[in-house]
Amino acid sequence: MTAGLWQHWILPGIWTTLQLTLYSAVLATVVAFGIGMARTHRLWIVRFLAGVYTEVFRGTSALVLMFWLFFVVPGLIGWAFVPMWAAVLALGLSYGAYGAEVVRGALASVTPAQREAGIALNFTPWQRMRLILLPQAVPEMIPPFNNLLIELLKGTALVSLLGIGDVSFAAYLVRLATQESAQIYSITLVIYFVIAFLLTRGMKVVERRTKAGIGIDVKAQAAGGTR
Amino acid sequence: MSNWDWSAVADFMPRFWDGVQLTLQILALGSLLSFSLGLVWAFGLLSASRFVRWPVNVVTEFIRNTPLLVQLFFLFFVLPEFGVQFSAVTTGTVAIGLHYSTYTAQVYKAGIDAVPLGQWEAATALSLPRHRTWFAVILPQAIRRIVPALGNYVVSMLKDTPLLAGISVLELLQQARLESAATFQYTEPLTVVGIAFILIAYPASLLLRVLERRLVR
């Protein structure tokens, strides 16, 4: 492999993969919190619609959704997405649905007494959510969110099937150019692994910070200590 | 939805059912492979020797943290270089099975770890032989947690079968692509396939939730 292949295909490919991961993760987080909190709403219709959203987007395959946004939606609404945004939308919406379940689960795991105390103190539902439930629920969400983030990173490889120049697509081009499949695909796998490793490390720091914020020492917890 | 054409849906049906059949076939074989290979990984992860634990951990973490699609291409393009000629369907099934075996390994391990230590100690105190400890004490308790979790990964596998379109396996998505390429009608085949996935995955996940409520106490 020559330096030119690295410079023109693989490095920009890595950059595209990172961008895709970042944008989809932001969209997925917004969706996850929006839908997850809607699933605890007091009106049944809001809960129901949020439930339908999660089941539909968790039920279908991210790749099929991506193809659908890319090939079908332009025919329905008369304008097409830039491929990159069709991909971000598909990844963000489907992983957001998985994230919504995490948010709902974490909110449900806050002890009922906390919510009742909020009611007793005459907090509005939004104040309860913002001041009581979320600060305690968010640290619990970080480890499952980390798993989802890795899944999302792996999901970004799907965009290469739409011809977006991410690192998987770069690998495909390099394979065509050099005919050395083993080399380029091993390198690509290692690149993904390194990115995943760094993301996990980053999320560990976030977990420690957010847990410290509510007085839980992660290290003591791992060593069998209590709160 | 003014340009929805039911006749295009009807034209797609023969290909669609072929796709469903192949998808389910890949899913069944991929699941079996992941269940059995996962068990092998799990025993490696639970091994007393760190010279077994460590390499198994590295391998499974590597497979779990890299994209299935790239692994698929790796197997599809690299295996022939070593003289192993698999068909696209076989490669795809092996890739899915291998990828998900690293998940099922974690499921087995978590299920076994969740059995309280006292159960092991009780088995030792009763001086049960090794296989009785496993088959009469530990596994019956672990299986309750393992089965629903495995089911969830089967549903995930189902949703990852469209990736095999990348190596031109004729599963659902590839059938839809071929149909669209032949008729220039993109809307109907892709929509039908998308809905088909929801129609299979949603009842399956409902079933699993019931199973989970029954088994996990």
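What you see is a predicted model; the values in this text were computed from it and never measured. (Residues numbered from 1 in each chain as written. Chains lettered and ligands numbered in written order. Predicted model: local features only at pLDDT ≥ 70, side-chain atom pairs only at ≥ 80, totals over all residues.)

Caption draft 1: The arrangement of the overall build of chain A in detail. Scanning chain A for helices and strands turns up 9 helices and 0 strands. Put simply, chain A runs from its N terminus to its C terminus through helices and strands in the order α-α-α-α-α-α-α-α-α. Dimensions along the principal axes, computed over C-alpha positions, put chain A at roughly 70 × 50 × 20 Å. When contacts within chain A are restricted to residue pairs at least 6 apart in sequence, those whose partners lie at least 24 apart make up 74%. (Helix = DSSP H or I, 4+ residues; strand = E, 2+ residues; numbered from the N terminus. Contact = placed C-beta atoms within 7 Å.)

Caption draft 2: Representation of the overall build of chain B in the model. Looking only at helices and strands, chain B features 8 helices and 0 strands. Its helices and strands taken in sequence order, chain B reads α-α-α-α-α-α-α-α from the N to the C terminus. Burial statistics for chain B: of 217 residues in total, 39% are counted as buried. (Buried ≥ 20, exposed ≤ 12 C-beta atoms within 10 Å, placed from the backbone.)

Caption draft 3: A look at the UniProt feature "transmembrane region" (unreviewed entry) in chain A. Residue and element names in this part refer to chain A. Per the UniProt annotation, the sites labelled "transmembrane region" (unreviewed entry) are residues 20–38, 50–71, 77–98, 157–176 and 182–200. When the span residues 157–176 is considered, its composition is 50% helix and 0% strand, and the gap between its end C-alpha atoms is 18 Å. Helix makes up 100% of residues 182–200 and strand 0%. Its end C-alpha atoms lie 27 Å apart. (UniProt positions renumbered as here; feature names shortened; annotations may be inferred.)

Caption draft 4: Structural context of the interface of chain A and chain B. On the chain B side, the residues contacting the 30 residues of chain A number 30 residues. Elements with a contribution of two residues or more to the side of chain A that touches chain B: α2 (44–59), α3 (62–77), α6 (125–155), α7 (167–178) and α8 (181–213) of chain A. If you tally residues by element for the side of chain A that touches chain B, the top one is α3 of chain A, at 9 residues. When its residues are assigned to classes, the side of chain A that touches chain B shows 20 nonpolar, 7 polar and 3 charged. (Nonpolar A, V, L, I, M, F, W, Y, C, P; charged D, E, K, R; others polar.)

Caption draft 5: The arrangement of the UniProt feature "transmembrane region" (unreviewed entry) in chain B in detail. Residues and elements named next belong to chain B. The UniProt record annotates "transmembrane region" (unreviewed entry) at residues 22–47, 68–88 and 190–211. In residues 22–47, helix accounts for 92% and strand for 0%; the two terminal C-alpha atoms are 37 Å from one another. The annotated region residues 190–211 carries 100% helix and 0% strand content, and the separation between its end C-alpha atoms amounts to 32 Å.

Caption draft 6: Layout of the nonpolar core. One finds L63, M66, A87 and A90 of chain A together with V70 of chain B to be the most contacted residues of the largest nonpolar core, which totals 106 residues. Among the elements that make up this core, the one with the highest residue count is helix α4 (residues 83–109) of chain A (14 residues). The contact partners of A90 of chain A, leaving out residues within four places of it in the chain, are A62, L65, M66 and L69 of chain A. (Core = buried A, V, L, I, M, F, W, Y, C linked by C-beta atoms within 7 Å.)

Caption draft 7: Region of the structure containing helix α4 (residues 88–113) of chain B. A rise of 1.5 Å per residue sets the reference length of α4 of chain B, with its 26 residues, at 38 Å; its end C-alpha atoms lie 38 Å apart and thus fit the reference within 8%. At S101 of chain B, α4 of chain B shows its maximal bend, which comes to roughly 30°. (Expected span 1.5 Å × (residues − 1). Bend = angle between axes of the 7 residues up to and from the residue.)

Caption draft 8: How the structure looks around α7 of chain A. With 12 residues, α7 of chain A ought to run about 16 Å at 1.5 Å a step, and its terminal C-alpha atoms sit 16 Å apart, in line with that. All of the buried residues along α7 of chain A are V167, S168, F169, A170, A171, Y172 and V174 of chain A. The secondary structure elements touched by the buried residues of α7 of chain A are α1 (3–38) and α8 of chain A together with α3 (68–78) of chain B. Q179 of chain A, located one to two residues past α7 of chain A, shows a positive phi value of around 60°.

Caption draft 9: Here's a closer look at the confidence of the model for chain B. With 99% of its residues at a pLDDT of at least 70, chain B reaches an overall mean of 91. Quick note on the complex model: pTM equals 0.89, ipTM equals 0.87. (pLDDT = per-residue confidence, 0-100.)

Caption draft 10: Main features of the environment of T60 of chain B. Residue and element names in this part refer to chain B. When you line up the elements, T60 lands in helix α2 (residues 50–64). For T60, a count of 21 C-beta atoms within 10 Å puts it in the buried group. Note: C-alpha distance between T60 and Y103 (43 residues apart in sequence) is 8.5 Å. Not counting the four nearest positions on each side in its chain, T60 is found in contact with W41, T102 and A105.

Caption draft 11: Expanded view of the environment of R208 of chain A. For R208 of chain A, the location among the structural elements is in helix α8. Measuring from C-alpha to C-alpha, the distance between R208 of chain A and E140 of chain A comes to 11 Å, with 68 residues separating the pair along the chain.

Caption draft 12: Here's a closer look at the packing of α3 of chain A against helix α8 (residues 187–215) of chain B. For the pair α3 of chain A and α8 of chain B, the least separation of the axes is 9 Å and the interaxial angle reads 145°. Considering only the axes of α3 of chain A and α8 of chain B, their crossing is left-handed. On α8 of chain B, the residues that touch V64, L65, F67, W68, F71, V72 and G75 of chain A of α3 of chain A are T187, L190, T191, V193, G194 and F197 of chain B. For the contact of α3 of chain A with α8 of chain B, the residue count by class is 9 nonpolar, 4 polar and no charged. (Axes fitted to C-alpha atoms, helices over the stretch in contact; angles between N-to-C directions. Left-handed = near helix turned anticlockwise from the far one by under 90°.)

Caption draft 13: Local environment of the UniProt feature "domain: ABC transmembrane type-1" (unreviewed entry) in chain B. With numbering matched to this structure, UniProt assigns "domain: ABC transmembrane type-1" (unreviewed entry) to residues 20–208 of chain B. With 80% helix and 0% strand, the stretch residues 20–208 of chain B has end C-alpha atoms that lie 21 Å from each other.

Caption draft 14: Main features of the UniProt feature "domain: ABC transmembrane type-1" (unreviewed entry) in chain A. The sites that UniProt annotates as "domain: ABC transmembrane type-1" (unreviewed entry) are residues 14–200 of chain A. For residues 14–200 of chain A, helix accounts for 83% and strand for 0%, while the C-alpha atoms at its two ends are 18 Å apart.

Caption draft 15: Structural view of unusual backbone geometry. Of note in the backbone geometry, S168 of chain B takes a positive phi value of approximately 55° without being a glycine. Among the secondary structure elements, S168 of chain B is positioned in the loop between α6 (130–160) and α7 (172–183).

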